[in-house]
There are 2 protein chains.
Amino acid sequence: MADKGFTLWFTGLSGAGKTTLANLIAERLAALRIAHEVLDGDVVRTNLSKGLGFSKEDRDTNIRRIGFVAKLLSRNGVPVITAAISPYRAVRDEVRKSIGPGFIEVYVKARLETVVKRDVKGLYEKALKGEVKAFTGVSDPYEEPLSPELVIDTDVENEVQGADRIWNFLVEKGFVAAEAALAVGRA
Amino acid sequence: MADKGFTLWFTGLSGAGKTTLANLIAERLAALRIAHEVLDGDVVRTNLSKGLGFSKEDRDTNIRRIGFVAKLLSRNGVPVITAAISPYRAVRDEVRKSIGPGFIEVYVKARLETVVKRDVKGLYEKALKGEVKAFTGVSDPYEEPLSPELVIDTDVENEVQGADRIWNFLVEKGFVAAEAALAVGRA
């Protein structure tokens, strides 16, 4: 177990690098044998939010559910990593309030032209052609966090640099024990 | 923390005594300072299943969501207690399979005339008048478990006797450490 539970809440455009960073942090926790859960956007849509669409209301409901599950886990000492776009500020702040001090918002930032160029899932092309509706950043809003715990700008930092900064934050704040992190050369 | 996570899954008619037993077990875990979660039917309907009704499909979806959250918690060492009616056998067995050996099904049994007489929430009267539709045991089926880990018959056992039998099961199977249970005079 980690010293204490926390929720590492990644937010940002599709293709910004949320899942990549989430997986890197998950690997480091696994290397320390710290049990944890990754609540990936797709996993959650399948298991908790089937039937919900992409209207503001449905997106907010989806985020509230992820937040509820993250709260249950992290208040029992289980570190949780979420990687849903979570485009709306108000509902992210609602989750922050509900989880309390263990809530760590990481804004994974990338310029729209960057994520369009990456187009990891081929969805931006479709969105720009109007074939996918309500696509965040194209036809649907993304509201940047106003005071996230961390901003990782993937236009200027590579994934390992980003993961290092997040990891350092977790160690500095005592969410991961410094001794444990040292043991795998990560402090 | 408990020795290992588990999911104590109560099933039975409304008014059979699921919530009462769930709360008694939760109190004993709390007395041992074992962090745990109670996923009460109402809490879940508010936080995970808003908008779902009481059709077979919607009930099954609700149960799958409770099962998903219970799995996440219990596989991380957090004991979970659920107390939803969960009337359909197939979806309970689906949850059993997904959670694995930590799944403990407790059938809280009571005759229909008993729960109608108790009518804790005043719902049976309405259901029998046809004012509440799709009410389990009256106008909607309840499928008894075929091989639950425990059957508590609240027509013949009082709540403390029932809780004692459940508690003994948890200790015998090593879900709660015997030494810990002894410390509070519960082994």
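This write-up is about the structure you can find in this document. Bear in mind that the values here come from a model prediction, so they are computed numbers and not experimental data.

This next bit is on helix α4 (residues 89–99) of chain B. All names here are of chain B. Taken residue by residue, α4 has V91, R92, V95 and I99 as its buried positions. Down the axis of α4, the sector holding all buried residues measures 105°, keeping them to one side. Those residues of α4 that are exposed and angled more than 90 degrees off the buried face are A90 and K97. Next to the buried residues of α4 lie β1 (7–11), α3 (56–74) and β4 (103–109). Phi turns positive, to about 85°, at G100, one or two residues after α4.

Time to look at the interface of chain B and chain A. Taken together, the 18 residues of chain B in the interface contact 18 residues of chain A. Together chain B and chain A conceal approximately 1600 Å² of surface at their shared face, both sides included; 62% is due to carbon and sulfur atoms. The largest share of the area that chain B buries against chain A comes from B:R65, B:F68 and B:N76, three residues that together contribute 36% of it. Our count for the chain B to chain A interface comes out at 2 salt bridges. One salt bridge connects B:R75 with A:E37, and the closest N-O pair in it is separated by 2.7 Å. Elements that contribute at least two residues to the side of chain B that touches chain A include exactly β2 (37–40), α2 (41–47) and α3 of chain B. When residues in the side of chain B that touches chain A are grouped by element, the largest group, 5 residues, is from α3(B).

About the criteria used
Residues numbered from 1 in each chain as written. Chains lettered and ligands numbered in written order. Predicted model: local features only at pLDDT ≥ 70, side-chain atom pairs only at ≥ 80, totals over all residues. Heavy atoms only, no water. Buried < 20%, exposed > 50% of the residue type's maximum accessible area, 1.4 Å probe, protein only. Helix = DSSP H or I, 4+ residues; strand = E, 2+ residues; numbered from the N terminus. Arc of directions from axis to C-beta. Contact = heavy atoms within 4.5 Å. Buried area = accessible area lost by both parts, 1.4 Å probe. Salt bridge = Lys/Arg side-chain N within 4 Å of Asp/Glu carboxyl O.

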